[in-house]
Amino acid sequence: MNETLRNINERYTCRDFKGTAISQEKLDEIVKAALSAPSAMNLQPWHIVMVTDKAIVDELDKEGMSIISTFEDKSMYERMMSRGGKLFYNAPCLAIVLSDGSQWGTLDSGILCQNIVIAAQSLGLGTCIVGMAGIPLGGPKAEEYKKRLSFPEGYTFAIGVLIGEINSGKEPHEHDKSKVSFVR
């Protein structure tokens, strides 16, 4: 199996990061891979905010957990508490992918995220795609966070990716081949 396919097949959702900083060299490679993602008509309707200030990642984590604790349905909060009580699993980096709101912005942002996770995997790092990063970024402190994180005007949260050194790992998920059909 070639290296690209191996990285795709061995990648899994990491929910236990060491919390140690990632080298700038690795971050630069991840960003380069992200920006190499294809997009509709090459419009590149995204903006990436790489949050590597662990204190800010932890603050967003705490705010998200506080918001989740107020939900009427407690199942998400209970699930997060059973996993250590953290939304971001001690990750030292949160890549916040923003969309310009155009027709293909969300889809193209998802493609960009796939490049991030494959690049990180190839560099020996773990990742977790986190839609729940939108909870603190859409909560009561949303405007404050958008300003502090320098969101460009007109861009909104699309998806987040946690990146970091793996503390403890697991096996990739099993492939469900029943989810595939061939028309021949």
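See the structure above.
So, here's what we can say about the structure. All residue numbers refer to positions counted from 1 along the written sequence of the respective chain. Under the rules for a predicted model, residues below a pLDDT of 70 receive no local features and side-chain atom pairs below 80 are neither given nor counted, while totals for whole chains, interfaces and linings still include all residues. The basis for every side-chain value is the complete set of non-hydrogen atoms in the structure, without hydrogens or water.

Section: the side chain of D61
Step number 1: We count a stretch as a helix when DSSP gives it H or I for four or more residues in a row; a strand needs E for two or more, and each element gets its number in order from the N terminus. Its place among the elements puts D61 in helix α3 (residues 54-68).
Step number 2: For every residue, the accessible area obtained with a 1.4 Å probe (protein chains only) is divided by the maximum for its type, and the residue is called buried under 20%, exposed over 50%, and partly exposed between those limits. Charge counting treats Lys and Arg as positive and Asp and Glu as negative, with His and both chain ends excluded. In the sections that follow, a salt bridge refers to a side-chain nitrogen of Lys or Arg positioned within 4 Å of a carboxyl oxygen of Asp or Glu. For the buried D61, no salt bridge is present, and the opposite-charge side chain at shortest range is K86, 4.9 Å distant.
Step number 3: In protein, a polar contact requires one atom able to donate a hydrogen and another able to accept it; more generally it is a pair of N or O atoms within 3.5 Å, and residues adjacent in sequence count only if both atoms are side-chain atoms. Polar side-chain contacts of D61 include one of 2.7 Å to the backbone nitrogen of F88.

Topic: the nonpolar core
Step number 1: Counting residues in hydrophobic clusters, the biggest one holds 28 residues, and the most contacted among them are V51, L60, F88, L94, I96, L149 and L162.
Step number 2: Of all the elements in the fold, those that place two or more residues in this core are β1 (46-51), α3, β2 (93-99), β3 (126-130) and α6 (134-137).
Step number 3: A total of six residues in this core trace back to one element, the largest contributor, which is α3.
Step number 4: Not counting residues within four places of it along the chain, the set of residues in contact with L149 comprises V49, V51, I56, L60, I96 and L137.
Step number 5: The definition of a nonpolar core used throughout is a set of buried Ala, Val, Leu, Ile, Met, Phe, Trp, Tyr and Cys residues joined through side-chain atoms within 4.5 Å. Counting 20 residues, the second largest nonpolar core, distinct from the first, contains L27, I116, V117 and I118. In what follows, residue pairs with any heavy atoms lying within 4.5 Å of each other are defined as contacts.

Remarks on the sheet that holds β2
Step number 1: Pairing between two strands requires that DSSP report at least two bridges joining them. With respect to topology, four strands assemble into an open sheet ordered β1-β2-β4-β3, the strand pairing being antiparallel. If you trace the sheet from one side to the other, it starts and ends with β1 and β3, each paired once. If you compare each strand with its neighbour and ignore which way they point, the axes differ by 20° on average.
Step number 2: As defined by bridge partners, β1 adjoins β2 across six bridges and the pair is classed as antiparallel. Opposite V49, over in β2, you have I96 as the bridge partner.
Step number 3: Angles shown run from 0 to 180 degrees and are taken between the N-to-C directions of axes, each axis being a line fitted to C-alpha atoms and, for helices, limited to the stretch in contact. Docked against the sheet, helix α2 (residues 24-35) engages β1, β2 and β4 (156-164), running at close to 165° with respect to β1.
Step number 4: Against the sheet, helix α5 (residues 105-122) touches β1, β2, β3 and β4, its axis set at about 155° to β2.

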